[in-house]
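Analysis of the macromolecular model
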Amino acid sequence: MTTTQPSGAELPLQQIDRVVIRFAGDSGDGMQITGNQFTLTSALVGNDLATLPDFPAEIRAPVGTRPGVSGFQIQFSSSDIHTPGDAPDVLIAMNPAALAVNIKDLKSGGTVVVNTGNFKDTDLKKAKCDTNPLEDGSLDGYRVIPIDINARVLEALADSELSTKDKARCKNFYTLGLMYWVYSRPLEPTMNWLADKFAKKPELVDANQTALQAGYNAGDIQELFQGQYSVPKTEELPAGEYRNIMGNQAVAMGLVAGAQLAHLKPVLGSYPITPASTILEELAAFKHYGVVTIQAEDEIAAICAAIGASFAGCLGITSTSGPGMALKGEAMGLAISTELPLVIVDIQRAGPSTGMPTKVEQSDLLMAVFGRNGDAPMPVIAISRPSDAFELTIEACRIAVQYMTPVILLSDNFIANGAEPWCLPDLSTFKDFPVTFTTEKEGHQTYQRNEIGSRPWVKPGTPGMEFRIGGLEKSTDGNISYDADNHQSMTEQRFQKVANVANSVPTPAIDGPDSGDLLVLGWGSTVGILTQGVIDARKDGANVSRIHLTHVWPLPNGLDEIFGRFKAILVPEMNMGQMTRLLRSELPSHNFISYPKVTGQPFLTTEIAGKIKDILKG
Amino acid sequence: MTETITKKLTRKDFQSDQEVRWCPGCGDYAILAAVQKYMADTGTDPANTVFVSGIGCSSRFPYYMNTYGFHTIHGRAPAVATGVKTANPELDVWLVTGDGDALSIGGNHLAHILRRNLNVNILLFNNEIYGLTKGQYSPTSPVGTRKKSTPMGSIDRPFNPISFALGANATFAARTIDIDAKHMASIFAAAAAHKGTSFIEIMQNCVIFNKDFYNDTVSKPVRADMTVTLTPGEKVLYGKDKDKGLKITKDGVVKCSAEEADVWDPTNESAGAAFAYSYLDSQPDMPQPLGVFRAVESTIYEEGVNAQVEDAIAKKGAGELKDLVYAGERWKIG
């Protein structure tokens, strides 16, 4: 550094359209907080954004090791974006392990900010680096910005009475401050958040705010970066009021809303499991909305308590992830057999068995649709993104109470912990679907069906309407029956009832020409990546259309006719081809091409665009 | 409704139109009759009563009661009942289960409903055998039980249901027998009077697969000497002439004279004495204890859960959708 170079403040401000940043550090370094704060501030600036948190299952893996690396990627933009971005433009690496794990993803020529304070021999050893990547040439081709963040933070906090260890913990806010300067973000939202978060520990508010400001100032007064960038607010998003939303948050809110629209008390039975636990936590905080939460002793008890609540005339809900779904199977059958409404939320994660609890997969689809003993049909809905989770959760509640059936609501780890701006809906446009409990004995039978195949709901406590139900086969009057013809008929009735749900669901719209050589079909959290992948392929001349399913079982009406207008249907999904199997069995006359990915990471848009082009090339 | 309440109820009012299909001579008939009679005698409102059961012979019980009923899945009745009672605390919830249902496949849920102390009544029919699956040994069968799945005798030590319940911090635990309708009725009354989970073990005869297994203790000729009834406020005495006493020493429960016998107090905060008495019959030449082992007051789960909801509403006001959605940091576009 020579004094003849300009200071940061004198560098030009360049306007750019979009940036992808990845914060990476040890799982104890506060990278998720850093990422979430950057997200919140970018949202308030008015950018469109999408995020991808990526953290280990271990709460604190051994410090400085590769398995302990926690990452948070955000793409923010002044235009409409659909994904958290394939490759980061900027990587912040807080230690050698974070650098080693993430450098391969960085865009060629991209910028890497390295905390050199954590590159001592012992640090390199923990990260299993034989040589120092800062010196061995492995960072050639990237723009490296070395800063001893550890030392800078201690200097900035010289006057603080905190212990050295506590001071060191402020380094993530120093880093955040630095990035705020580079991308011209205001400090106020994070300053306010800190004041609120540590309200009872003013010394921590002070230290973290000082570190944030110091990081910002460092950008301003030193010549670390080539310049400052501005990513203006987007004008491409629809007009309206926005907030930032994460998938699990939106599901929790949708459950409250769904119950209110059904005029029922929501009762959640749940057992903690990654990555679904935050739904239980969010709902536990919504008690003033009349929400009852029961943290059960296990997954089975959780769904059984929810079924008990539905039996008692409330909206029973249970939330879980794959291994919990497996445990709940028998109880789902009980809800199907007794025809009680129930919402089962499954935040999918990589399997089988415990699998990779914090990584994303869509591999519970066939279990959701078919995975129970006996012929046990159930509607399945798949959320696509944090911003459609609220409405699709309400939709699950509607189907559950109107059809007197359990409904599975599939989400996944990418949606659950990912964030994006949500254009807040006009609540007055939501139609309620109030439940009417049957109180008249005249002509009443427990399993008498209405025009959509649903049965009446009687609330225990109603005089003169006493009934007994259970998991044994029954006849229309509710009494146990092992009669052969009756079982055939009841099985068909339950099957037809679920099939009827398709009649209340719109045929999905086609993005692009309504006929052609290739249709890309997606479901769940791949929506953004498929949208962008298709846009990119079209830029290269591909004639390709796209369709996305939210109601995955029963399949919506009209698909057969749509598929018939395309030569091939490409089905990318984060499993070994489960939707493809479903489509091949239900609509066998079409040419489905499976594109599976099971790395625990979302597809890249380049992978999708590349696949489309390969297929069209023939 | 009014009509039902003003009219004097009879057992018939609690009988459903379903034919009872237990084996002839099964102890379940006597229990069903005793429950129906108890409900009629106490003017129970059938519309406000829910019977929840798991799987097994005993769990067919709800179908024969003219109340609300839910025959659920194996072992899970406590979990379902937890949902029913928490969702609507006004309902009078009874749970019917067996030794396999409650102590094997559903042992976890039984422990947790007892710990949570919901205000429900649990009837555990203990016949020390799997009846519906045709006679395998159960978790309450004594060591050495020879059945089809244990041709050389069972190896695992049995659960004592009362010890299990007390270990799970049950606030009410009692034992009765299917052949004593009067004693059953007195235990039902004590259970109904108790606020919290009332756990009742009913020794019940399976005439097909474990016939008269309890004859060594409860059959008429030996009952006076081979059982002891724990009665609150009275001395722990047994024998035809009530001349044999029991008392707790540092070595456990021992025989003693009538004068020295313990005075039974199930309301003692400590479950120690109740626990010591609960496994009395596992010792040689000791009587089988019947009656109320424990009856203490504690916090009720569903009351706490619903009170928190009411408190939150009182403090924050009843939440409206708009406040839910239009919350946090927001911004406008356009």
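Residues numbered from 1 in each chain as written. Chains lettered and ligands numbered in written order. Predicted model: local features only at pLDDT ≥ 70, side-chain atom pairs only at ≥ 80, totals over all residues. Heavy atoms only, no water.

All right, on to the overall build of chain B then. For chain B, the count of helices and strands is twelve helices and 14 strands. A principal-axis box enclosing the C-alpha atoms of chain B has dimensions of 90 × 50 × 50 Å. For chain B, with 334 residues in total, the buried portion stands at 54%. Within chain B, contacts between residues separated by at least 24 positions form 65% of all contacts whose residues are at least 6 apart in sequence. For chain B, the separation between the mean place of its 35 positive charges and that of its 38 negative charges on side chains is 4 Å. (Helix = DSSP H or I, 4+ residues; strand = E, 2+ residues; numbered from the N terminus. Buried < 20%, exposed > 50% of the residue type's maximum accessible area, 1.4 Å probe, protein only. Contact = heavy atoms within 4.5 Å. Lys, Arg positive; Asp, Glu negative; His and termini not counted. Charge placed at Lys NZ, Arg CZ, Asp CG, Glu CD.)

We now examine the packing of aromatic side chains. Residues and elements named next belong to chain B. With the rule as written, the count across this model stands at 31 aromatic pairs over all chains. Relative to Phe188, the ring of Trp94 has its centre 6.3 Å away and its plane inclined at 85°; by these criteria the two rings are edge-to-face. Residue Trp94 is found in strand β3 (residues 92–98), and its partner Phe188 is found in helix α7 (residues 181–193); the two are separated by 94 residues along the sequence. For Trp94, a relative accessible area of 2% gives the class buried. Residue class for Phe188 comes out buried when judged on its relative accessible area of 0%. (Phe/Tyr/Trp six-rings, centres within 6.5 Å; stacked < 30°, edge-to-face > 60°.)

Quick look at the interface of chain B and chain A now. Contact with chain B, which involves 60 residues of that partner, is made by 74 residues of chain A. Area buried by chain B at its contact with chain A is led by Tyr68, Trp331 and Ile333 of chain B, which between them contribute 17% of it. Taken together, the connections running from chain B to chain A amount to two salt bridges. On inspection of chain B and its partner chain A, the count reaches 26 residue pairs in polar contact (both at pLDDT 80 or more). At the level of elements, β2 (68–71), α3 (77–87), α5 (107–116), α11 (301–316), α12 (321–325) and β14 (330–333) of chain B are the ones that each hand at least two residues to the side of chain B that touches chain A. Here the element with the most residues in the side of chain B that touches chain A is α11 of chain B; it accounts for eight residues. In the side of chain B that touches chain A, the residues fall into 28 nonpolar, 21 polar and eleven charged. Bridge analysis of strand β17 (residues 468–470) of chain A against β2 of chain B gives three bridges, and the strand direction is parallel. (Buried area = accessible area lost by both parts, 1.4 Å probe. Salt bridge = Lys/Arg side-chain N within 4 Å of Asp/Glu carboxyl O. Polar contact = N/O pair within 3.5 Å; in protein donor to acceptor, adjacent residues only side chain to side chain. Nonpolar A, V, L, I, M, F, W, Y, C, P; charged D, E, K, R; others polar. Pairing = 2+ DSSP bridges.)

Further remarks concern the sheet that holds strand β11 (residues 292–295) of chain A. All names here are of chain A. Read across the sheet, seven strands follow the order β11-β10-β12-β13-β15-β14-β21 without closing on themselves; strand pairing throughout is mixed. On the outer flanks of this sheet lie β11 and β21 (551–553), each paired with one strand and no other. Going from strand to strand, the sheet's axes swing by 25° on average, the running direction of each strand aside. Sheet analysis places strand β10 (residues 266–270) next to strand β12 (residues 315–320), joined by five bridges and oriented parallel. The partner of Ser270 across the bridge, within β12, is Ser319. Contacting β12, β13 (342–348), β14 (380–382), β15 (406–412) and β21, helix α14 (residues 386–402) runs over the sheet at an angle of about 165° to β15. (Axes fitted to C-alpha atoms, helices over the stretch in contact; angles between N-to-C directions.)

Our next topic: the domain arrangement of chain A. All names here are of chain A. Its domain assignment divides chain A into domain 1 (8–230), domain 2 (243–429) and domain 3 (510–617). Taken together, the contact between domain 1 and domain 2 spans 16 residues of the former and eleven residues of the latter. For the domain 1 and domain 2 pair, buried surface summed over both sides reaches about 1,000 Å², with 60% attributable to carbon and sulfur atoms. Applying the counting rule to domain 1 against domain 2 returns one salt bridge. A salt bridge links Lys359 to Asp54; the nearest nitrogen and oxygen atoms lie 2.5 Å apart. At the level of secondary structure, the elements contributing two or more residues to the side of domain 1 that touches domain 2 comprise α1 (31–45) and β3 (48–54). If one sorts the elements of the side of domain 1 that touches domain 2 by residue count, β3 sits on top with seven residues. Of the residues in the side of domain 1 that touches domain 2, the class split is ten nonpolar, four polar and two charged. (Domains from an automatic or database assignment.)

Turning to the pattern of salt bridges, a few remarks are in order. Inspection of the entire model under this criterion finds 33 salt bridges over all chains. A salt bridge links Arg223 of chain B to Asp180 of chain B; its shortest N-O distance comes to 3.3 Å. With Arg223 of chain B in helix α9 (residues 220–226) and Asp180 of chain B in the loop between β7 (172–177) and α7, this pair connects stretches of sequence that are 43 residues apart. By relative accessible area, which is 15% here, Arg223 of chain B ends up buried. Assessed through its relative accessible area of 21%, Asp180 of chain B is described here as partly exposed. As a salt-bridge pair, Asp285 of chain B and Lys255 of chain B come within 2.9 Å of each other at their nearest N and O atoms. Of this pair, Asp285 of chain B sits in the loop between α10 (272–278) and β13 (288–295) while Lys255 of chain B is found in strand β12 (residues 252–257), placing the two residues 30 residues apart along the sequence. On the basis of relative accessibility, which here comes to 41%, the residue Lys255 of chain B falls in the partly exposed class. One network of salt bridges, with partners in common, ties together Glu339, Arg449 and Lys497 of chain A.

Let's shift gears to unusual backbone geometry. In this structure, the amide linkage connecting Thr274 of chain A to the following residue, Pro275 of chain A, adopts the cis form with an omega of 0°. Take Pro275 of chain A: it is sitting in the loop between β10 and α10 (277–284). The omega torsion of the bond from Gly351 of chain A to Pro352 of chain A falls at 0°, within 30 degrees of zero and hence cis. As for its placement among the helices and strands, Pro352 of chain A is situated in the loop between β13 and α13 (365–370). Of note, the phi angle at Ser184 of chain A is positive, near 50°, even though the residue is not glycine. Examined against the element boundaries, Ser184 of chain A turns out to sit in the loop between α6 (171–182) and α7 (188–197). For Ser184 of chain A, a relative accessible area of 29% translates into the label partly exposed. A positive phi angle, close to 65°, is found at Asn117 of chain B, a residue other than glycine. With respect to the helices and strands, Asn117 of chain B occurs in the loop between α5 and β4 (121–126).

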